[in-house]
Amino acid sequence: MIFRQLYEPETSTYSYLVGCERSRRAILIDPVASEIEQYLALLQSLNLRLIYTLETHVHADHITGAGVLREKLGSKSVVHRDAGAMCADLLVTEGVTLQVGDLDIEVRHTPGHTSGCVSYVMTDRVFTGDALLIGGSGRTDFQQGDAGKLYDSITTRLFTLPADTLVYPGHDYQGNTVSTIKQEIAKNARLGGGRTREEFIAIMRDLKLAYPKFIDKALPANQSCGLVVERD
Ligand code: FE
């Protein structure tokens, strides 16, 4: 497996390039529009052909690169059917497995941050988007967010993965790059150490977060795979 963790500093977003060594086919998870040139150079230098862009959800903080990559490289954009992005080529749901060369990518529906959030499981690792973050979780106060649902998603769909599964999140604001399921079950500040559903809901209710900076631009753009022309 070819693997690169890519970081966009303005919104602290992680994107992931995963490629099959044999077939040279690849996927990009949560590509960011401003980073397209970097992706093109990386794909070329690694001699990889981009087959899919996979969204973990419709993002509120950055614009996806899925639409531009589709135009430039012919890649197909993949998103959960409840995400509200009808521009996508492939609408997936719980239990779907995508195959790209020798890579198997299992889709797990993990709603709560948004209703259309998914995590992607690949052998020894899981890409959790904004459901499970390292030491934390995605916010649940907009985009059909629901703290109870997020607790259920994380505890039943992610914490049940093998303990040494690597956790690669959609963001990190402290410079962490990777965690494990075992570490999150033990130490996650919001859900770890045996916290109850009620405790988690109370923590999320009391966060009182600021309105996201880019949401009014990012949401409509991402529902069109990042290709919306700006309106006044
Ligand atoms: Fe998000």
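Whatever comes next refers back to the structure up there.
How each quantity is defined
- Residues numbered from 1 in each chain as written.
- Predicted model: local features only at pLDDT ≥ 70, side-chain atom pairs only at ≥ 80, totals over all residues.
- Heavy atoms only, no water.
- Donors = N, O, S within 2.8 Å, 3.2 Å for Na, K, Ca; no water.
- Helix = DSSP H or I, 4+ residues; strand = E, 2+ residues; numbered from the N terminus.
- Buried < 20%, exposed > 50% of the residue type's maximum accessible area, 1.4 Å probe, protein only.
- Pairing = 2+ DSSP bridges.
- Expected span 1.5 Å × (residues − 1).
- Contact = heavy atoms within 4.5 Å.
- Polar contact = N/O pair within 3.5 Å; in protein donor to acceptor, adjacent residues only side chain to side chain.
- Arc of directions from axis to C-beta.
- Axes fitted to C-alpha atoms, helices over the stretch in contact; angles between N-to-C directions.
- Parallel < 35°, antiparallel > 145°, perpendicular 65-115°, else oblique.
- Left-handed = near helix turned anticlockwise from the far one by under 90°.
- Nonpolar A, V, L, I, M, F, W, Y, C, P; charged D, E, K, R; others polar.

## Comments concerning the coordination of the iron ion
Thinking step 1. Coordination of the iron ion by the protein comes from His57 (NE2), His113 (NE2) and Asp130 (OD), over a distance range of 2.0 to 2.4 Å.
Thinking step 2. The sequence pattern formed by the donor residues of the iron ion is H-x55-H-x16-D. A residue pair is termed long-range when its members are at least 10 positions apart, and His57 in the loop between β4 (49-54) and α2 (66-73) and Asp130 in the loop between β10 (125-129) and β11 (132-133) qualify at 73 residues. The pair formed by His57 and Asp130 is uniform in burial state, with each residue classed as buried.

## Some points on the pairing of β10
Thinking step 1. Of all five residues in β10, five are buried, a share of seventy percent or more.
Thinking step 2. Of the two faces of β10, the one carrying Arg125, Phe127 and Gly129 and the one carrying Val126 and Thr128 are both buried.
Thinking step 3. Adjacent in sequence and paired antiparallel, strand β9 (residues 118-122) and β10 are bridged by two residues, among which Thr123 carries a positive phi angle near 35°.
Thinking step 4. As defined by bridge partners, β10 adjoins strand β13 (residues 166-169) across four bridges and the pair is classed as parallel. Within β13, the residue paired with Phe127 across the bridge is Tyr168.

## Overview of helix α3 (residues 147-158)
Thinking step 1. The end-to-end C-alpha distance of α3 is 15 Å, a good match for the 16 Å that twelve residues give at a rise of 1.5 Å each.
Thinking step 2. Taken as a whole, α3 has its buried residues at Ala147, Gly148, Leu150, Tyr151, Ser153, Ile154 and Leu158.
Thinking step 3. Of the surrounding elements, those touching the buried residues of α3 are β9, β10, β11, β12 (136-137), α4 (181-187) and α5 (197-205).
Thinking step 4. Capping the start of α3, Asp146 holds a side-chain oxygen 3.0 Å from the backbone nitrogen of Gly148, two or three residues further along.

## So, α2
Thinking step 1. Every buried residue of α2 is accounted for by Ala66, Gly67 and Leu69. Projected down its long axis, α2 carries its buried residues within an arc of 165°, all on one side.
Thinking step 2. On its buried side, α2 packs onto β3 (25-29), α1 (36-45), β4 and β5 (76-80).
Thinking step 3. In the segment just after α2, Gly74 is the residue with positive phi, at about 75°.

## Overview of the sheet that holds strand β1 (residues 2-8)
Thinking step 1. If you trace the six strands from one edge of the open sheet to the other, you get β1-β2-β3-β4-β5-β6, paired in mixed fashion. Strand pairing shows two members of the sheet lacking a second neighbour, β1 and β6 (90-92), which therefore form its edges. Pairwise comparison of adjacent strand axes, ignoring direction, gives a mean angle of 20° for this sheet.
Thinking step 2. Looking at chain direction, β5 and β6 are connected through three bridges and run parallel. Among the inter-strand pairings, Val79 is bridged to a residue of β6, identified as Leu91.
Thinking step 3. In this fold α1 packs onto β1, β2 (13-19), β3 and β4, with an angle of close to 165° to the strand it touches most, β1.
Thinking step 4. Each of β3, β4 and β5 touches α2; the most contacted strand, β4, lies at about 155° to it.

## Some points on the environment of Gly65
Thinking step 1. Topologically, Gly65 is positioned in the loop between β4 and α2.
Thinking step 2. Sequence separation between Gly65 and Ser153 is 88 residues; the distance between their C-alpha atoms is 27 Å.
Thinking step 3. Residue contacts for Gly65: discarding those within four places in its chain leaves Pro31, Val32, Ala33 and Ile36.

## A few points about the sheet that holds β9
Thinking step 1. Pairing in this open sheet of six strands is mixed, and the strands run β7-β8-β9-β10-β13-β14 from one edge to the other. On the outer flanks of this sheet lie β7 (97-100) and β14 (179-180), each paired with one strand and no other.
Thinking step 2. The pairing of strand β8 (residues 103-109) with β9 spans four bridges and is classified as antiparallel. Considered in β9, the bridge of Glu106 is made with Val121.

## Section: the packing of α3 against α5
Thinking step 1. With their axes 9 Å apart at the nearest point, α3 and α5 run at an angle of 130° to one another. The angle between α3 and α5 falls in the class oblique. Here α3 and α5 pass one another in a crossing that is right-handed. Packed against α3, whose contacting residues are Ala147, Gly148, Lys149, Leu150, Tyr151 and Asp152, the element α5 presents Arg197, Phe200, Ile201 and Met204 at the interface.
Thinking step 2. Residues belonging to the contact of α3 with α5 are distributed by class as follows: six nonpolar, one polar and three charged.

So, to be careful, I would describe these as geometric facts and stop short of saying anything about function.
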